[in-house]
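Here is what each chain is made of, one letter per residue.
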Amino acid sequence: MNSEEKQSLIKSVNEASPDGLRQFIINQAQYDPSFFQDVTAQFGELDTDAEFAKTKKLIQSTIRHNKTYGFIDYQGCINI
């Protein structure tokens with residue numbers, strides 16, 4: 001983002017109503033998981049139980065679908 005774009009964005013945000021900003025953030029978070037995580041980490045509480053469950057599923061999937069049928073070698077452990 002160049003300087004002019006940043007200044008334009010600052011002006012727009014400063015002129016926006018709190019309810020308008022709130023609605024924009026909610027709408028954006030519904031479509032962008034990384035934005036949702038950023039907002040909850042910055043302004044609220046991140047749902048650590050959901051994050052843990054997602055990470056656990058990713059690890060299980062990685063273990064089940066590796067080339068050695070569930071055995072994780074040293075390098076695999078480092079990656080996980």
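The paragraphs below set out a description of the structure included in this document.

Procedures and definitions
Residues numbered from 1 in each chain as written. Predicted model: local features only at pLDDT ≥ 70, side-chain atom pairs only at ≥ 80, totals over all residues. Heavy atoms only, no water. Salt bridge = Lys/Arg side-chain N within 4 Å of Asp/Glu carboxyl O. Helix = DSSP H or I, 4+ residues; strand = E, 2+ residues; numbered from the N terminus. Patch = residues over 30% accessible without salt bridge, like charges linked within 9 Å, V, L, I, M, F, W, Y side chains within 5 Å. Areas by Shrake-Rupley, 256 points an atom, 1.4 Å probe, with all protein chains shown as cover. Buried < 20%, exposed > 50% of the residue type's maximum accessible area, 1.4 Å probe, protein only.

**Quick look at the pattern of salt bridges**
Part 1 of the argument: Evaluated as defined, the whole model comprises one salt bridge.
Part 2 of the argument: Arginine 22 serves as the salt-bridge partner of aspartate 19, at 2.5 Å between the closest nitrogen and oxygen. Of this pair, aspartate 19 and arginine 22 both sit in helix α2 (residues 18–31), three residues apart, roughly one helical turn.

**Notes on the environment of glutamine 37**
Part 1 of the argument: Its location among the elements puts glutamine 37 in helix α3 (residues 33–43).
Part 2 of the argument: In sequence terms glutamine 37 and threonine 62 are 25 residues apart; their C-alpha atoms lie 23 Å from each other.

**Focus: a nonpolar patch on the surface**
Part 1 of the argument: Nonpolar side chains collect at one region of the surface, where Met1, Leu9 and Val13 lie side by side and expose about 310 Å² of accessible area between them.
Part 2 of the argument: Leucine 9 sits in the partly exposed class, given a relative accessible area of 43%.

**Examining the environment of lysine 57**
Part 1 of the argument: In this fold, lysine 57 is placed in helix α4 (residues 48–64).
Part 2 of the argument: Using a relative accessible area of 60% as the deciding quantity, one classes lysine 57 as exposed.
Part 3 of the argument: Here the alpha-carbon distance between lysine 57 and aspartate 73, two residues 16 residues apart in the chain, equals 19 Å.

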